[in-house]
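# Topology and contacts: notes
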Amino acid sequence: MEEKKSKLSILTNGIIKENPVLVLLLGCCSVLATSSDAINALGMGAAFSAVMIMSNIVIAAIRKIIPDNVRIPCFIVVIAGFVTVVQLLLKAFLPALDKSLGLFIPLIVVNCIILGRAEMFASKNGVLDSLMDGIGMGIGYTLVLTIMGLIREFLGQGTLFTQQILPESVPGVGIMTLPPGGFFTFALLVAAVNYLTRDKEIKVRDFGEEDMAILKQVREDNAKAEAAKKAAAAAKAKAEAEKKAAEEAAAQAAAPAAPVAEAVAAAPVNEEKGE
């Protein structure tokens, strides 16, 4: 098992090395849909981060009392509770942003990044480590979303955070504010990350190296258990075969004695008839 990571390593992990969007390629639906401008992107990122952090803290705190067979429903209930709180706060204080983001706020409940980190990290680590993980993943998600929003808003409308940057006489690239523009921007960012990290070894593109070490250990244990099971089955089959062979040998040994015994029993009768 690998040495436990430092708090700083856990914090920066989600920002750079295991960025949930550009490296793990998770949660792409909300990223593409809400990054049409910088304000929507920043708002979605903030809402996501709040739910991510609070869910990680609560799940880490109650991880030892959650039955293993119902852990996923429990995680979803916790996440749904915080999503409801965030949505009500947006409706109360930022109604325009809530209306703009629409359905994507309640859909945070089933965001695979939050649920994945709850399953792979928060349910296996302490509260402080889970807090650092939530902050790192939230910053990484918000950073990518905001960069995409800035690029699409600038190229599509000539503005940044609704402030006019390019002269109004300069036409924007209309497609950048539409769904295809989201795919183009996302593809360019992923390509840029792959290019910049091409000479660096990326050991695991998953939910974490520690988790992969655990998974490797589980696989090894399962392989050993399977090998032991096969060996026990082979020994049992061998014992049954030996038992069957012994029974057959005993039966064959007893078979010639039966006609002899019958002949001996019938001999006095034949002699009486001869007299």
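Let me begin by describing the structure that accompanies this report. All values reported here derive from a predicted model rather than from experimental measurement.

## Side note on the overall build of the protein
For the protein, the helix and strand inventory stands at ten helices and two strands. For the protein, the succession of helices and strands along the chain, N to C, is α-α-α-α-α-α-α-β-β-α-α-α. In the protein, which comprises 275 residues, the proportion classed as buried is 34%. Taken as a whole, the protein presents about 16100 Å² of accessible surface, with 67% of it coming from carbon and sulfur.

## Focus: the side chain of Asn-40
Within the secondary structure layout, Asn-40 lies in helix α3 (residues 38-62). Under the relative-accessibility criterion, Asn-40 is labelled buried at 10%.

## Quick notes on the nonpolar core
The biggest cluster of nonpolar side chains holds 33 residues, and the ones touching the most others in it are Ile-108, Tyr-141 and Phe-186. Listing elements by their share of this core, those giving two or more residues are α2 (28-34), α3, α4 (71-93), α5 (95-101), α6 (112-120), α7 (127-157) and α8 (179-196). For this core, the element with the most residues is α3, which contributes six residues. When neighbours within four sequence positions are excluded, Phe-186 is seen to be in contact with Val-21, Leu-22, Leu-25, Cys-28, Leu-32 and Met-148. Ile-66, Val-78, Ala-118 and Ala-122 belong to the second largest nonpolar core, which has six residues in total.

## A closer look at the packing of helix α1 (residues 7-17) against α7
Angle between the axes and distance between the axes: these two values describe a pair of packed helices. Viewed as axis vectors pointing N to C, α1 and α7 meet at an angle of 25 degrees, and their least axial separation amounts to 6 Å. Judged by the angle between their axes, α1 and α7 are roughly parallel. When you trace α1 past α7, the crossing you get is right-handed. Residues Lys-7, Ile-10, Leu-11, Gly-14 and Ile-15 of α1 form the contact with α7, whose participating residues are Leu-128, Asp-129, Met-132, Asp-133, Ile-135, Gly-136, Met-137, Ile-139 and Gly-140. Looking at side-chain class alone, the contact of α1 with α7 contains eight nonpolar, three polar and three charged residues.

## Concerning the packing of aromatic side chains
For any pair of aromatic rings, the description rests on two quantities: the centre-to-centre distance and the angle between the ring planes. Counting across every chain of the model gives one aromatic pair. Ring geometry for Phe-48 and Tyr-141: centres 3.9 Å apart, planes at 20 degrees, overall stacked. Remark: Tyr-141 occurs in helix α7 and Phe-48 occurs in helix α3; sequence separation between them is 93 residues. For the residue pair Phe-48 and Tyr-141, the accessibility class agrees, reading buried in each case.

## Some details on the pattern of salt bridges
Tallied over the full model, the rule gives five salt bridges. Across the salt bridge formed by Glu-119 and Arg-71, the nearest N and O atoms sit 3.0 Å from each other. Taken as a pair, Glu-119 in helix α6 and Arg-71 in helix α4 lie far apart in primary sequence, 48 residues in all. Glu-119 sits in the buried class, given a relative accessible area of 18%. A salt bridge links Arg-117 to Asp-133; its shortest N-O distance comes to 2.7 Å. Pair noted here: Arg-117 is in helix α6 and Asp-133 is in helix α7, with a separation of 16 residues, a long-range link. Accessibility assignment for this pair places Arg-117 and Asp-133 in one class, buried. Among the charged side chains, a network of salt bridges with common partners joins Asp-68, Arg-71 and Glu-119.

## So, α7
Compared with an ideal rise of 1.5 Å per residue, which puts 31 residues at 45 Å, α7 spans 43 Å between its outermost C-alpha atoms and is within 8% of the ideal. Gly-158 sits one or two positions beyond α7 and adopts a positive phi of about 75 degrees.

## A word on a nonpolar patch on the surface
Together, Ile-139, Leu-143, Ile-147, Ile-151, Leu-155, Val-173, Ile-175, Leu-178, Phe-183 and Phe-184 line one region of the surface with nonpolar side chains, adding up to about 830 Å² of accessible area. Turning to its location among the elements, Val-173 is positioned in the loop between β2 (163-164) and α8.

What counts as what
- Residues numbered from 1 in each chain as written.
- Predicted model: local features only at pLDDT ≥ 70, side-chain atom pairs only at ≥ 80, totals over all residues.
- Heavy atoms only, no water.
- Helix = DSSP H or I, 4+ residues; strand = E, 2+ residues; numbered from the N terminus.
- Buried < 20%, exposed > 50% of the residue type's maximum accessible area, 1.4 Å probe, protein only.
- Areas by Shrake-Rupley, 256 points an atom, 1.4 Å probe, with all protein chains shown as cover.
- Core = buried A, V, L, I, M, F, W, Y, C linked by side-chain atoms within 4.5 Å.
- Contact = heavy atoms within 4.5 Å.
- Axes fitted to C-alpha atoms, helices over the stretch in contact; angles between N-to-C directions.
- Parallel < 35°, antiparallel > 145°, perpendicular 65-115°, else oblique.
- Left-handed = near helix turned anticlockwise from the far one by under 90°.
- Nonpolar A, V, L, I, M, F, W, Y, C, P; charged D, E, K, R; others polar.
- Phe/Tyr/Trp six-rings, centres within 6.5 Å; stacked < 30°, edge-to-face > 60°.
- Salt bridge = Lys/Arg side-chain N within 4 Å of Asp/Glu carboxyl O.
- Expected span 1.5 Å × (residues − 1).
- Patch = residues over 30% accessible without salt bridge, like charges linked within 9 Å, V, L, I, M, F, W, Y side chains within 5 Å.

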